[in-house]
Every structure is written in structure tokens, then in C-alpha cells.
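Secondary and tertiary structure notes
One-letter residues, chain by chain:
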Amino acid sequence: MDQLKSKFGGLERNTQPPSVCFSAGKEAPPSGKRRNSRDTAVGDQRAIHLQIPSVVVDAADETDVASERWDSRQEQRRSSIYSTIDLVPQPDLYDNSLTGRNSRSRPSLEALRKALNDETSESYTEDSETNAPDMVGGNEEPETEASKAVKGPVRFGWVTGVMVRCMLNIWGVILFLRLSWITSQAGILLTWVIILMSVLVTSVTALSVSAIASNGRVVSGGAYFMISRTLGPEMGGPIGMVFSFANALACALNTAGFAETISEILKEADAVMVDEVNDKHIVGVVTLTVLLFISLAGMEWESKAQILFFLVLLISFINYFVGSLIPASQEKQAMGIFNYRREIFLDNLLPNFTAVEGFFQLFAIFFPSAIGILSGVNISGDLKDPASAIPKGTLMAIFWTTISYLAISASLGACVVRNASGSLNDSLSGAGTDGCLGPACALGWNFTHCIESQNCGFGLNNDVKVLGQVSGFKYLITAGVFAASLSSALGFLISAPKVFQCLCRDNIYPYIGFFAKGYGKNDEPRRAYLLCYAIALAFILIAELNALAALISNFFLCSYALINFSCFHASITNSPGWRPSFHYYSKWTALFGATVSVVLMFLFTWKAALLTLCIILFLLGYGSYNKPKVNWGTSLQAGRYNLALSYSVALSRVEDHVKNFRPQCLVLTGPPNQRPALVDFVGSFTKHISLMICGDILMEPERQSMVHSQTDGLMKWLKDRRVRSFYTPLTAESLRAGARHLLQAAGLGKLKPNTLVLGFKTDWRESSPESVEDYINTIYDTFDSNYCLCLLRMMDGLDLSEQFDYEVNQGFESDEPEQGDHNNTPAGGAGSVPEQREQQVHTLFQNHQGKKTIDVYWIADDGGLTLLVPYLLTRRKRWRQSKVQVFIIGEQHNMEEGRQEMISLLKRFRLDFHDVIVVTESERPPHPKSLKRFEDIVAPYRLQEEPQDSVSAEELKESCPWKVSDKEMEALRIKSERKVRLNEIIRRNSQHAALVLVSLPVPQSDCPSALYMAWLDILTSGLHCPAVLIRGNQQNVLTFYCQ
């Protein structure tokens, strides 16, 4: 190692490589003062990686590599004029944004704020330079021309990668074996209409594909990648599965077509191997196996094979057009083949439906020839520049293939009659043509007999091999049929595994990850090749492929529809991220293409269309249920934002009405995972009904600095718990200040909280008086802000920070440190989501409550919120069987009258409550033991009013406003005793209740906070179930009117 370092050092000193020579316009390397041990280590690693020879160092090779590396790093790390670590705009800073690693290349705001001296800046720059190769792509060595030639994957341009592949798939066997028959049935004009309609659908789809492909980098996956990254994995997954399967079936279909052609040739040559059916199977299996070996050999060999097929097709087309110009022999004329004749062209111009019912049946037969426009898109990962290659290659392929289809159909219609006998005896020897039918009569031939008897064996209407008969050398047309079928089969055999590999890597569906592995420099999906081979082989051997042709067309049409809809949806959402560099598209043409594709699915074969939709819906439902954990920034997300924004603005213009009142809750949970019972309680009556916001008031400096890192984890916790709630952290100096800010600022428009929900401060007697004062003042501020209020008290408290070893929220818990080890706080600080099992603690509100009761003590009329909350709870499945009992205060002499009056009111409110109970003992004095317990609670907070040195009672009250003076205690004694008495009534009547709701007393402004806290404590003490102290804002939330 030392020798290696010395050689590298000698290289720097003696050879003076270009990497250390700087002009005035270049940045200089770090000076000698900045060379430290880290520089030496980096230099050692560079020297080792350069593999400098032990004897002679060639400056023209190794030093050039070092020079390129240094220059590239200096270019990557160029600083702005503001700071040495504040970088200028560079493409590499955006290259890895999808993988979440760009934070390693661009300094954070925190780093920029903390960079106080040059040493910090230098350290950051050097670290970034050391990691720069990993940021750019994980390669330690710059790509030289030699390394590209040896190690780089094969990449194709727009001609060989897209245009040639699309043209080969569009020039299928339909061109050679069906176009002549379609021309005879539809006539030249309608055949052109069929061709142009197909081109219209494919062209619109190509424009949509071009727009999506040019809106950012497109990797492998083709149509699936585009749809899934635009419409989301739920919609992309079904298309990826169906599209891959359709390509595998199309491979089998084209291979079977080739096998049928070979079988017919063997039959004509009397060289049948076994029988007609088994010969097709044998040829199909052998052909498919050969295509598999070509695929496994790699994209380079596959591309060469496709070029060979393309050349064969071009030669066959030239052979056809040359043959159409060669004067027809007597044998050809007997087959109905003449040179370009006006009579034949006019006769074939209009349709003559003899074998089909109408236009759309012919259109359904022809359209599968156009499904090859996605062949280039499907290998998008193997293209040099997909954003440029896909638009140019696909549109050019559509243009040239359209020209060829139009030209061949027109030339066939001008050269060949519809019906001919093929017999030389049918020539006209004389000048008479009486009774002769067809344009051949004017050309010296009479095919009337075979036309009337409908046994003509030649002509456009009867012979599918017309192109070979018209051409100069018919075996070149046969070679063209071979090339068309084999090139299409090979293209589909390549496309299906490429798309399926991308689908497997996204982990949308289970049990398919095995096929995601890639091999070689082109990341070849060899396992997926074998799977596609097995599927195609099975259908060749056991299936009736003609019956599957309609299903394949429907699969491709479904893909076209979703591609067009993806472009349309991405356009109408007005997302700033939708910026395709291809501008020659329209959202309305995309919508038209999607609509036409769906209509064609049902016009072709409605049964296959229904089967396709059922498959798509089944896979869509599975994906929606599992909710793949990916975030691709889809247009659906942008659409949801637009809808939410539009509805929020529209909602803000709607006037409030009591019939539409919903308890929109701001829940001061702190980190929600610390108080799951409070979250579950509020979620029980707000889910799918109203707004819920979990407010987290951050008072510890450690948590304030980590708020951004904790938010995502806490939102995930809420999602995993299936709680529909927002999470809003807010930094504040105290609970009261934070709650006040949240009450004023939380929400949007009419989606603002109207109810504050707090957990009961169970340990208030052990807490500091200041924290109790802060808690009570928060309640006072809520009333002053005209908000509703709920306080939830659990038997064992709400906070789980000790169980999870969290830091506590000072607004709810004691200021004194708890006994135990405080060094085990997680690194995430308070509120961080623990890793083990995501800490989804089960709470009472997640249990099925059965037939227990919900006891409502409606002591004071608050507008009806005390009744509305239990009603909303009983609409939930867990509380549906619970019976609601309403307790009211009454007098003994009119108890039944008061009960019937309340029952009538509840019926008019349409609240299906179980029973109404009138409490007549509230005026009795409480039990002395209960009263003594209350006095013991208040005793520590009594103000000692005995005269003290230099301190008056007024001064003591001013310094300790939470304390209770004797005068205040005496003035509020009756109210205190009534609350103690009410607690005795609650404890006696609600021993077996599932939940108790009690009207919350509203204190007067001069009520000491300690006394009010004691009231709340005594009201809910001694209960064995959750208790809710609830109070509306004195405005109606229930009505028995319909307007």
C-alpha cells in the first residue's frame, strides 16, 4: 500500500498530469493546508481504484482517468456565490430525487444555517466529493469510451428501437392473408375508411403515449409503467397483469399462424410429418423454442433478428409492387389477376358484402393489425432517449405502415377481380359478352359460371394468397408472411417479460417477485422469458387460438383506453408536475381516444369486453384493498387535491345550519401514539362523519427541532390504526398558548374545529400549580372562544409515555421527573413511532361493547351536544347494541311529568334512546365521607389568610391566583356540595355502564383554577368506566324542524 501511495504521489509531482493544471478560468484544487488525513485516504482509494502499474505509469491512460474524475467532481460540486456549500443548479441534484437520495448531494437548510465558518464548509464539500460517485449513480469509476464499449448495456435509438419494431408488429399476417379479402368485401373506399379509423385510434393513442413518455424519465415497463405512474398502482397493476398476459397470448397466436402456414406448405408438398394438427404443434413448439433462445441471447441478438425480418418484409413489398407492374400471363388472368385496370378499380370501389354481416365485423377483423404501436414503448428501458425516441419512432411507424396498407389495398383493388375460376377455358374467344358478369368480361374473360354457382376458387373474394400471385416471385411473399409472423411473435415474446418484470418489482401482487430478477448488462428478465414461453406453449398445444383473438384485441384496447385516459386525467388536473416536452396532443383527443377504445371493445365482441372488464375490476379491487405502499405522484393525487380545494372553497360559501352541524374536533393528543384511547374515542364518533385534528403542542426544544421527521411517522401510525384524522404539530411556550393558536388557526374555511377535546389531567395534584393553571386556563379560553368542550377521563389515565419510554408532554403530566432510568428515551425523541410492532396498543374503545349502557347525565341544556355524541357513537358497529340512558334532574312531585316531557323531546329529536331516568335526590346533602374527600382534595390549595410579616392576603392571592380563599370557598360551597352529591348519584346508577357522559359545569370568571379542577376531579372519581365531561357552546345542534 505504501509503495502504491508513493507511486501515485510521484505521479502527481513528476508527470504533472493535466488534472492539476488550471487556467485562470478554472477552479483550483484544495490547497496544501486543506490536505488532511481524509484527503490522503481519498487519494489512497483513488490510487487503488486506478490500478497504477507497479513499474511504469502511462500518463496518457491512468492520469486521464484521474483528471476526468477530478474535473467531473469539481463540476458536480461547484458552489454558488452565496456560500461555499450552497451549490449552483446542477442536473445531478435532481437525478436521484425519486430514490430519496438527493439529500446527500444538496445541503439542507439546516446545514446552510449552521455553516458558520470555512472549515465546516470545507468538511461538507470534501465529504460530498467523496460520496459524489454514489450520488450520481453508484459507480466509482467514470465511464470512458472503452468502458462503455465493454460494460455498457445495449441501447437503441428511435429507428431500430421503436420505428422498426412497431412497423414489424403492424405489418402482420393480416396484411398478407386478410387485406385482400377485406378489400373484396368492403370495397376500396370502405377499406380505406377501416384503415383510417384504425389509424385514428392508434394515432391518438400514440400522441398520448408521446406526451406521457416525454413527461420525465421513462424506465422499463412500457404501457404498465406509464399507466401506473399516472393513475396509480391500483389501476396500473391490473393493466400490467392483463397487458403482459395479452402479449404472451399474442406471441402464441402469431407463432400458431406461422405453424399453420408451414403445415399447409408441407401438405402441398405431400411431406406431412404426423398429421395436420400435430404438425402444427410440432412446428409451433420448435419455432417458439428458437424464439426463446434468441430472446435469452440478449437484446442485441434480438435486434439483429428484427432487422433481418424488416429487410425481408421490405423485399417482399418491393417484389409485390414490381409484380403488379409486370404484364399478367394467361395463367394469372385466369386467376383474375390483371395489371392496373380502370374497370377493375371502379368495380372494386364499392362494398359487396357476401361473407360478413356488415362494416364493423370487417373492422374487428382488421383492427388487430394495429395493436403493435406499443412495441417500442414496451422496451422503453432499452432506449437511449425514450422521451425523444417513442414519439418519433411510433408516429413514423404509424405513418409509413398506413401508407403501405392504403397503397396495397388500392393496388389490389385495381389489379384483381373479386371472383375468378382459374380455368384457361373461361377466356372469351369471340367479341360477344352477352350474359357475362363482372369486369373481367371487358378484359376477355367470362367467370359468370363460377360466380353464379359460387364456387370460384380465385380472386380477391376467394384466395387469401392473392399477394403472392400478383407478385413477381411468390415465394418472397411467403417469406414475408414468415417474417411478419415471426417478428410479431418475437416482439411479443420480448414485450411481455419486460412489462411483467417491472410489475413484479413494484410488489403490487404477491408471489410474483421471483420473476423480477434481471440478468446481464441489459437486465434481461430471463425468468419472465421462461414464464412467457410456458404460457405461449400451453396455449399453442391446448387452446383454440382463434377464439382468443377477440380477447387479445380487447386487452389491447383496454390498455389504449387507459393510456388515453391517463393523458386526459393528467392534463385536466393542472398539476405543475405535468410538463410533457411533446406538445402535439390535446386532452380532448385523449378523451376521444379513450371513449372510442371502450366503444370498440363492445362493438367487436361484447362477451370478451365484459370478461376483460371483470378481470380488470377484480385486480383493481385487490390492489385497492391492499393499498400498495408506493408514492409515484400520480394524477389521481393531483385530482384529489383539486377536488378537495374546489369543495373547500364551495363549502366556505355555504351558510351554517343546525341540521348540518357536525362535531368537528380539535383533539389535544400530543403525539397521537401516546394517547391512543383519546384518539380512538374521538375517532369513534367522527370517522366518516366530521373533521378530526390531532393537535400536538411542542414545548420541548428537542421535539421542536425534530417535528418534520416525526410527522410522517405519526401520520403513518394514524393510518395504520385506521383513524381518519389530520396531525398538526405546533410549537408554543405553554399548553394554553398552543391551544389558543390552534383554536384560531387550525382548519380551512368551514372545515374548522368547533369542539376542543382534552384528556383529563389525572395527576394534577402531583403537578406544579403553574401547569394546573395552564390547563384550566385552556378550558377557560375554549369557553371564551365559544367552542364546545369535551374532557375524557380513563380509569388508568390516557398517557402511555411510560410504557413506551417517551418524554412526557409537560402540559398534561407532572413537572417532576418520574422514578426510573431516563436514559432510555428513543433517539427519535418524544412522539417518535417505535419500530417494534408499530406500537398499536389496543384500547377499550376498540372493543365490542355488547349490550352495556351509555349513561348520559344531561344536567344542563347546552344545545344538545351532550345527546348528539352518544347518538353518533351508537351508529358505530362496536356500540350499536349499547342502550343509551338519559338522566335528568327533577322533583319528586312531578317526576313522571318531567320524564314524559323528556321522552317526547327525544322522540322529536329522532334520537332512539332506551330510557329516561329522573333524579330527584340531587338536593340532598352529600355523605360526610364524600364531602371530607373533596375537602382533602382542595386543602393543599387553600389560601392561608392569617396575617404574615409584610405580606397581606391580597398579595398572596395575586402571587398564587390558583389558590382558594376562605371567602371563595364559602361562596361556592353549595355548588361544591352539589357536585359531590352528583358524583354519588353517578357512582350508584352507572356501576355497569360502558361510558358515562356528564354535562361539564361552566365556571364563572372568578372561580379559582384549583377549585374548578377539584370539581372536575370529584365529578368523575370512583368510576370503573370512561367518563366524558362534555359541554356545548349553548347553541342548538339538534332540531325537530325540517327546515
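The shown structure was predicted, so the numbers you read here are calculated from the model rather than taken from an experiment. (Residues numbered from 1 in each chain as written. Predicted model: local features only at pLDDT ≥ 70, side-chain atom pairs only at ≥ 80, totals over all residues. Heavy atoms only, no water.)

**Points about the overall build of the chain**
Counting its regular elements, the chain contains 40 helices and ten strands. Within the chain, the fraction of its 1043 residues that count as buried is 50%. Summed over all atoms, the accessible surface of the chain reaches about 50200 Å², with 56% contributed by carbon and sulfur. (Helix = DSSP H or I, 4+ residues; strand = E, 2+ residues; numbered from the N terminus. Buried < 20%, exposed > 50% of the residue type's maximum accessible area, 1.4 Å probe, protein only. Areas by Shrake-Rupley, 256 points an atom, 1.4 Å probe, with all protein chains shown as cover.)

**What to know about the nonpolar core**
Residues Phe 176, Leu 374 and Leu 412 are the most contacted members of the largest nonpolar core, which totals 134 residues. It is helix H22 (residues 474-505) that provides the largest number of residues to this core, a total of 16 residues. Counting residues in each nonpolar core, the second largest holds 59 residues, with Ile 779, Val 938, Val 964 and Ile 1018 among its members. (Core = buried A, V, L, I, M, F, W, Y, C linked by side-chain atoms within 4.5 Å.)

**A word on helix H27 (residues 635-652)**
Its 18 residues place the ends of H27 26 Å apart at the C-alpha level, agreeing with the 26 Å of an ideal helix rising 1.5 Å per residue. Among the residues of H27, Ser 635, Ala 638, Gly 639 and Ser 648 are the ones counted as buried. (Expected span 1.5 Å × (residues − 1).)

**Section: the state of the cysteines**
What the rule picks out here adds up to one disulfide. The partner cysteine of Cys 450 in its disulfide is Cys 456, sulfur to sulfur 1.9 Å. An S-S torsion of about 90° defines the bridge between Cys 450 and Cys 456 as right-handed. The same class applies to Cys 450 and to Cys 456, which are both buried. No disulfide involves Cys 502; its sulfur sits 9.3 Å from the nearest other cysteine sulfur, which is in Cys 504. For Cys 502, a relative accessible area of 6% puts it in the buried group. (Disulfide = S-S within 2.5 Å.)

**Brief notes about unusual backbone geometry**
The phi angle at Asn 574 is positive, at roughly 55°, despite the residue not being glycine. In this structure, Gln 1034 takes a positive phi of about 70° despite not being glycine. Within the secondary structure, Gln 1034 is located in the segment after strand E10 (1027-1031).

**Some thoughts on the packing of aromatic side chains**
For the coordinates displayed, the defined rule picks out 33 aromatic pairs. Here Phe 359 and Phe 363 contribute two aromatic rings whose centre-to-centre distance is 6.3 Å and whose plane-to-plane angle is 15°, an arrangement assigned as stacked. Of the two residues, Phe 359 and Phe 363 are both situated in helix H17 (residues 359-366); the distance of four residues between them amounts to about one turn of the helix. We note that Phe 359, like Phe 363, is buried. Relative to Trp 879, the ring of Phe 845 has its centre 6.3 Å away and its plane inclined at 35°; by these criteria the two rings are tilted. Taken together, the residues Phe 845 in the loop between helix H33 (801-804) and strand E6 (853-857) and Trp 879 in the loop between helix H34 (865-874) and strand E7 (883-889) connect sequence positions 34 residues apart. For the pair Phe 845 and Trp 879, a shared accessibility class is recorded, and that class is buried. (Phe/Tyr/Trp six-rings, centres within 6.5 Å; stacked < 30°, edge-to-face > 60°.)

**Re the side chain of Thr 612**
Secondary-structure assignment places Thr 612 in helix H26 (residues 606-626). Not counting chain neighbours up to four residues away, the residues in contact with Thr 612 comprise Leu 551, Asn 554, Phe 555, Cys 558 and Met 601. (Contact = heavy atoms within 4.5 Å.)

**Concerning the packing of helix H14 (residues 299-325) against H22**
With their axes 8 Å apart at the nearest point, H14 and H22 run at an angle of 150° to one another. Compared by their axis directions, H14 and H22 come out roughly antiparallel. The handedness of the crossing between H14 and H22 comes out as left-handed. Contacts from Met 299, Glu 302, Ala 305, Gln 306, Phe 309, Val 312, Leu 313, Ile 315, Ser 316, Asn 319 and Tyr 320 in H14 reach Leu 476, Ile 477, Ala 479, Gly 480, Ala 483, Ala 484, Leu 486, Ser 487, Leu 490, Gly 491, Ile 494 and Lys 498 in H22. (Axes fitted to C-alpha atoms, helices over the stretch in contact; angles between N-to-C directions. Parallel < 35°, antiparallel > 145°, perpendicular 65-115°, else oblique. Left-handed = near helix turned anticlockwise from the far one by under 90°.)

**Some points on empty space enclosed by the protein**
Scanning all chains against the criterion turns up three cavities of 30 Å³ or more. Of the volumes computed, that of the largest cavity is approximately 100 Å³. Listing elements by their share of the lining of the largest cavity, those giving two or more residues are helix H10 (179-213) and helix H19 (386-415). Residues that form the lining of the largest cavity fall into these classes: eight nonpolar, five polar and no charged. (1 Å grid on protein atoms, 1.4 Å probe; cavity = no way out; pocket = protein on both sides within 12 Å on 5 of 7 lines; lining within 4 Å. Points joined across faces, edges and corners; volume = space filled by probe spheres on them. Nonpolar A, V, L, I, M, F, W, Y, C, P; charged D, E, K, R; others polar.)

**Here's the deal with the pairing of E10**
Burial of E10 is extensive: five of the five residues sit out of reach of the surface. Burial of the side chains of E10 extends over both faces: Ala 1027, Leu 1029 and Arg 1031 are buried on one face and Val 1028 and Ile 1030 on the other. Pairing analysis gives five bridges linking strand E5 (residues 788-793) to E10, with the strands arranged antiparallel. Across the sheet, Leu 789 pairs through a bridge with Arg 1031, a residue of E10. Regarding topology, helix H40 (residues 1009-1020) serves as the crossover connection from strand E9 (residues 993-999) to the parallel E10, and that connection is right-handed. (Pairing = 2+ DSSP bridges. Right-handed = clockwise from strand over helix to strand, strands pointing away.)

**Looking at a nonpolar patch on the surface**
On the surface, Val 598, Phe 602, Trp 606, Leu 610, Leu 613 and Leu 617 cluster together into a nonpolar patch covering about 540 Å² of accessible area. Put simply, the parts of the chain that give the nonpolar patch at least two residues each are helix H25 (587-604) and H26. Here the nonpolar patch takes four residues from H26, the largest share from any one element. Looking at where Trp 606 falls in the secondary structure, it is placed in helix H26. (Patch = residues over 30% accessible without salt bridge, like charges linked within 9 Å, V, L, I, M, F, W, Y side chains within 5 Å. Salt bridge = Lys/Arg side-chain N within 4 Å of Asp/Glu carboxyl O.)

**Details of a positive patch on the surface**
Taken together, the side chains of Lys 627, Lys 629, Arg 640 and Lys 719 define a basic patch exposed on the protein surface. Along the chain, the position of Lys 719 falls in helix H30 (residues 707-720). Judged by its relative accessible area of 58%, Lys 719 is exposed. (Lys, Arg positive; Asp, Glu negative; His and termini not counted. Charge placed at Lys NZ, Arg CZ, Asp CG, Glu CD.)

**Topic: the sheet that holds E6**
Within a sheet, each strand pairs with its neighbour through backbone hydrogen bonds, oriented either parallel or antiparallel. On the basis of which strands lie adjacent, the open sheet formed by ten strands has the order E3-E2-E1-E4-E5-E10-E9-E6-E7-E8 and mixed pairing. With partners counted over all chains shown, the strands left at the sheet margins are strand E3 (726-731) and strand E8 (915-919), one partner each. Strand after strand, the sheet turns through a mean of 20° between neighbouring axes, direction not considered. In this sheet, E5 lies alongside strand E4 (residues 755-759) in parallel orientation, the contact comprising five bridges. Bridged to Val 757 within E5 is Cys 790.

**A few points about the confidence of the model for the chain**
A residue-level look at the chain finds 80% of positions with pLDDT of 70 or above and a mean pLDDT of 80. Confidence drops under pLDDT 50 across residues 1-63; counting only partners more than four residues distant or on other chains, this segment forms 63 contacts. In this model, residues 97-103 is a region of pLDDT below 50 whose contacts with residues beyond four sequence positions or in other chains number six contacts. (pLDDT = per-residue confidence, 0-100.)

**Remarks on helix H28 (residues 676-686)**
Counting buried positions along H28 yields eleven of eleven residues, so the element is predominantly enclosed. Within H28, the full set of buried residues consists of Pro 676, Ala 677, Leu 678, Val 679, Asp 680, Phe 681, Val 682, Gly 683, Ser 684, Phe 685 and Thr 686. Phi for His 688, located one or two positions after H28, is positive at around 65°.

**Brief notes about the side chain of Thr 573**
For Thr 573, the location among the structural elements is in the loop between helix H24 (545-572) and H25. Assessed through its relative accessible area of 4%, Thr 573 is described here as buried. Once residues within four sequence positions are removed from consideration, Thr 573 is found in contact with Ser 635, Ala 638, Gly 639 and Asn 642.

**Description of the pairing of E6**
Walk down a regular strand and you will see the side chains alternate between the two sheet faces. Here E6 lies mainly inside the structure; five of its five residues are buried. Taking every second residue as pointing to the same face, both faces of E6 are buried, with Thr 853, Asp 855 and Tyr 857 on one and Ile 854 and Val 856 on the other. As defined by bridge partners, E6 adjoins E7 across five bridges and the pair is classed as parallel. Bridge pairing links Asp 855 to Gln 885 in E7. Taken together, the five bridges between E6 and E9 define a ladder with parallel strand orientation. Of the residues in E9, the one forming a bridge with Val 856 is Leu 997.

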